[in-house]
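# Analysis of the macromolecular model
Residue-level listing of the chains:
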2 protein chains.
Amino acid sequence: MHGLMMETPLLVTEILRHAVRSSPNQEVVTRLVEGGMHRYTFKEAGERIAQLAHALVALGVGEGDRVGVMGWNTHRQLELYYATAGIGAVCHTINPRLGPENAGYVMNHARDKVVFYDETFLPLVKGLAPHLATVESYIALSATGALPEIGDKPVHNYESLIEKHPTTYDWPEFDERTACGLCYTSGTTGRPKGVLYTHRSTVLHALVLAQPNVGAFDRGDALLPVVPMFHVNAWGVPYAALMMGVKLVMPGPGLDGESLYEIFESEQVAYALGVPTVWLNLLNYVDQNNLSFSSLKHTMVGGAALSERIIKGFERHGVRVRQGWGMTEMSPIGTTNVEEDDWSELPEEERVQIQLRQGKAVPFMQMRIVDDEGNCLPHDGESDGHLQVKSPWVLSAYYEYDGQTLTDDGWFDTGDVVVIHPDGRMQITDRAKDVIKSGGEWLSTIDIENAALSHPAVANAAVIGMPHPKWQERPLLIVEMAKGANAEPAEILEFTRQQLPKISWPDDVQTVETIPLGATGKVLKTELRKQFADFTLPTV
Amino acid sequence: MHGLMMETPLLVTEILRHAVRSSPNQEVVTRLVEGGMHRYTFKEAGERIAQLAHALVALGVGEGDRVGVMGWNTHRQLELYYATAGIGAVCHTINPRLGPENAGYVMNHARDKVVFYDETFLPLVKGLAPHLATVESYIALSATGALPEIGDKPVHNYESLIEKHPTTYDWPEFDERTACGLCYTSGTTGRPKGVLYTHRSTVLHALVLAQPNVGAFDRGDALLPVVPMFHVNAWGVPYAALMMGVKLVMPGPGLDGESLYEIFESEQVAYALGVPTVWLNLLNYVDQNNLSFSSLKHTMVGGAALSERIIKGFERHGVRVRQGWGMTEMSPIGTTNVEEDDWSELPEEERVQIQLRQGKAVPFMQMRIVDDEGNCLPHDGESDGHLQVKSPWVLSAYYEYDGQTLTDDGWFDTGDVVVIHPDGRMQITDRAKDVIKSGGEWLSTIDIENAALSHPAVANAAVIGMPHPKWQERPLLIVEMAKGANAEPAEILEFTRQQLPKISWPDDVQTVETIPLGATGKVLKTELRKQFADFTLPTV
Ligand SMILES: Nc1ncnc2c1ncn2[C@@H]1O[C@H](COP(=O)(O)OP(=O)(O)OP(=O)(O)O)[C@@H](O)[C@H]1O
Ligand SMILES: Nc1ncnc2c1ncn2[C@@H]1O[C@H](COP(=O)(O)OP(=O)(O)OP(=O)(O)O)[C@@H](O)[C@H]1O
Ligand SMILES: [Mg+2]
Ligand SMILES: [Mg+2]
């Protein structure tokens, strides 16, 4: 029997409406790409979003059209999120770090109709323009001087484009399954694949992010997403912040340690979110300059595995570190590693080991582990297998994709190999594509990498499986040495082995100048595999 | 264009699943109706809910069947919420305070198939049984001795009924618009009307209740709903608490000041929710006995207007008071009166006046004010009119009802007359049915009542409109004197008038032994109107 409740759709528009009526005077502060700071209120944001919506319509953007955006975290990108969604169009956020080939690929694949870009990315956009088949016009977000020529397409200035329009918009109501955003995966394991978010998935994700066990933003916190709006909607922060009425601080292009520290202090940021590499840089800067944080209380770390160095680095400054795990395909949040009441009683090393796990599934995120034959495995902290998920904010199919996205019974296979501990905490042991199959056993490359990374002379490390006639595959350790370090590779190998069970011992070690990183700062093992394609293990 | 995200439904079952996997050891503590305390973990709750689901199916309860429940806030009623919803049946919570006539009416109207009752209500159930057309069996929730006879229907003991069943259940997946709960309005203004909640509306309501600007339960808080589970799902607390993994303390039948104080202290309750009358009783008890709260930090007050006495009474003890406004028809939450950063700088009297407003709309709650002609009025704090709402957790139609529930353009008229201040805060001036129309002006009965209530000799006060040949209607003040007070009615009238503009002066005052209260503790003006039907104002 159906109940009798209104069918009012879950629309992103409602988040904006709520922000403006409930917290009209709350602030959005931006470090501008063109220099200086910008600040305005939610009420003013609402007015400019209405202006932008009119401008988009005037540009010919209609329902379902893709609006490409290649920009830093700024109030203007925030406006684009809400204005595109509000008129039923799709905000396609483009990761400029994908590199020209992949960036061009995703823009053509998405068939972007217009493209908004920050000045920083003009050279990239100019280079791509001749290859972009569908783009009808370009809009410079942070232009200061004369507008450039980009092929033979019209180029507009964002501010002049919107200023002439009315500051209210009669937002339409439509089906909550309408698309509102498009984001491609990082391309760590292959070509980026597109995920087409809906208003429903975006709203539900924001509601869950706002939970104390997930984001746990305090109402009084100033929030700073270091995590870029050009990838997976900055983990949903631009939605949750407006819904909750918290101050939003946008770092613009300044993501290095010094710039971040400066804005944390000047805006009294209490909560920040980002990937591990960003935090390592910040902590290095703070420690080298003998600084301390006067307002920072919480960080959320995700996108790649959290390390002990980051936990301890922040805790020295009294900052809590919470790990999250997610994927582009999951909007992105799947788990958060919530603190437990009894942590304060645990020995530090034990507690840190728990914090290094990826965390507990958030509400409405179903998870199961299956083996290669598709059997469900127990959550005993021992059985490892493929993590599969199901949730209203997990994709049902990649955008314009011929392959099969879900399992036959409707789950999404994350490509991550994990165990789930009896307390519900999930722990990634590897990516399925990276796992090394040695004589019937699966070896975790993450474990070997972590062992190598704990050597002070190692700047970065990656392990790949090499063919082996007897064992099928055996691990090869590849290291990038820290600047000025002069340890012998053999010493690193020995050091690494000492921390591991014999079966996981790398068969050999090789050094490289730099370990290649992808668009979201993750090691590109695909590149390393190419590089070492002709290499033969000495044990063969 | 539709996005490409999973259509996974929002089911109450997912809240339970999440609670058990994420917070298996969190506690539910109950003061038992049969005496003593009961405590168990979320994990054990999950097991008993599965047992109950099997038992319900064995009783013949199928999809869409209504399961009547007349009980106190206990772990058993919690089990009924989740087990009925989980199998696709409908939990019909019955307010025992409706009195025999209305209670019988709603049980027949709902066509309850089985009825669960707490021992306390056995006399009521026995008396009703001969008139209940559809009930096939009765289950005693807190039976201790031999089972009673109830007509010729089978009577079971809850514990023996469930104990034989397996502790797991293969919960089905179904449409999120499936009904999961049924609750009737309080009957303050007429016959109770039924509201049929869906899984979707219940889940979304819980997600919003969990927001910092709404419920603001801290993860570490022990939560106690004084607000009964037999009316509007105890404001959604049984769902939000399990979703958030917070300790739930169930007061059972002990809702008097002494019992509440005792359980607050013994279970270190940090957050409690209830209607104004409950808090007045508690504060009286605490102050008369010179006690203080050792753990209580927050209260949420709603269901009727919050008074200055309660705000100041709690603040003296360092307890924050937040007002909420809602309706059975709204699941119930519509607004909460969120604290502002600048409140600490305001003079106390000014701040209290703001706290007495009903609050800001929660996210995804749309609100408008319309006049008698249906024109939308500005939110200027001056224009008063009918408050209309729209949200995924507002009803679309009353259950089995012939009349029109929504406006022609799909909004629900709350029956409350309000202003909305420029800061977004809504303030109720009256119920539309109680408002007095005097010479083209609307007089707020709440204002007059509040003026009278501030006289120390007045225990309760109500104002009704009496016919008047010249003015159409004029106010009559009806007062119930405080025990032992010996003020003259004329003095009360004079005192009341002094605080009001002349147009609102009551034309006369009358005293009554007790002012009649309805099922949720609100003044039954319908009764008073009957009682004073033959009365003529001296000014006529
Ligand atoms: N906290 C974390 N710890 C370890 N790994 C993480 C964490 N968070 C995310 N990841 C990794 O990042 C992946 C998701 O990243 P993203 O969606 O940005 O693209 P990608 O998987 O790197 O790229 P592609 O799918 O194109 O190969 C997860 O599947 C997981 O492997
Ligand atoms: N904080 C509050 N301040 C003032 N009034 C409130 C508040 N919260 C709720 N109310 C009143 O309670 C009403 C909702 O109560 P409920 O749904 O329990 O039934 P009822 O309206 O009393 O009964 P019926 O609809 O059967 O006459 C609201 O419409 C409003 O008039
Ligand atoms: Mg991936
Ligand atoms: Mg009502």
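Residues numbered from 1 in each chain as written. Chains lettered and ligands numbered in written order. Predicted model: local features only at pLDDT ≥ 70, side-chain atom pairs only at ≥ 80, totals over all residues. Heavy atoms only, no water.

Using the residue numbers shown here, the UniProt feature "domain: AMP-dependent synthetase/ligase" (unreviewed entry) corresponds to residues 17–399 of chain A. Across residues 17–399 of chain A, the secondary structure splits into 31% helix and 21% strand, with the terminal C-alpha atoms separated by 29 Å. (UniProt positions renumbered as here; feature names shortened; annotations may be inferred. Helix = DSSP H or I, 4+ residues; strand = E, 2+ residues; numbered from the N terminus.)

Residue and element names in this part refer to chain B. Near ligand 2 you find 21 residues, and of these Thr-185, Thr-188, Thr-189, Thr-328 and Lys-522 are the closest. In this structure, Ala-304 approaches ligand 2 through a main-chain N or O atom, which is 3.5 Å from a nitrogen atom. When isolated, ligand 2 has an accessible area of 630 Å², and the protein chains bury 95% of it. Of all the secondary structure elements, the ones that give two or more residues to the shell around ligand 2 are strand 14 (320–326) and strand 20 (425–431). Among the elements that take part in the shell around ligand 2, strand 14 stands out by supplying 4 residues, more than any other. Partitioned by chemical class, the residues of the shell around ligand 2 number 5 nonpolar, 12 polar and 4 charged. (Near = heavy atom within 4 Å. Polar contact = N/O pair within 3.5 Å; in protein donor to acceptor, adjacent residues only side chain to side chain. Areas by Shrake-Rupley, 256 points an atom, 1.4 Å probe, with all protein chains shown as cover. Nonpolar A, V, L, I, M, F, W, Y, C, P; charged D, E, K, R; others polar.)

Attention now moves to unusual backbone geometry. The peptide bond linking Ser331(A) to Pro332(A) adopts the cis configuration, its omega dihedral lying at 0°. In this structure, Pro332(A) sits in the loop between strand 14 (320–326) and strand 15 (333–336). In this structure, Gln268(B) is a non-glycine residue whose phi angle is positive, near 50°. Relative to the helices and strands, Gln268(B) is located in the loop between helix 9 (257–266) and strand 12 (271–274). Although it is not a glycine, Asn290(B) adopts a positive phi angle of roughly 55°. By the element assignment, Asn290(B) lies in the loop between helix 10 (276–288) and strand 13 (298–301).

For the rest of this paragraph, the subject is the pairing of strand 11 (residues 247–250) of chain A. Moving residue by residue along a regular strand, the side chains alternate between the two faces of the sheet. Residues and elements named next belong to chain A. Across the two faces of strand 11 the burial is the same, with Lys-247 and Val-249 and Leu-248 and Met-250 all buried. Across 2 bridges, the pairing between strand 10 (residues 222–225) and strand 11 is parallel. Paired with Leu-223 across the bridge in strand 11 is Leu-248. One crossover worth recording links strand 10 to the parallel strand 11 by way of helix 8 (residues 237–244), and it is right-handed. (Buried < 20%, exposed > 50% of the residue type's maximum accessible area, 1.4 Å probe, protein only. Pairing = 2+ DSSP bridges. Right-handed = clockwise from strand over helix to strand, strands pointing away.)

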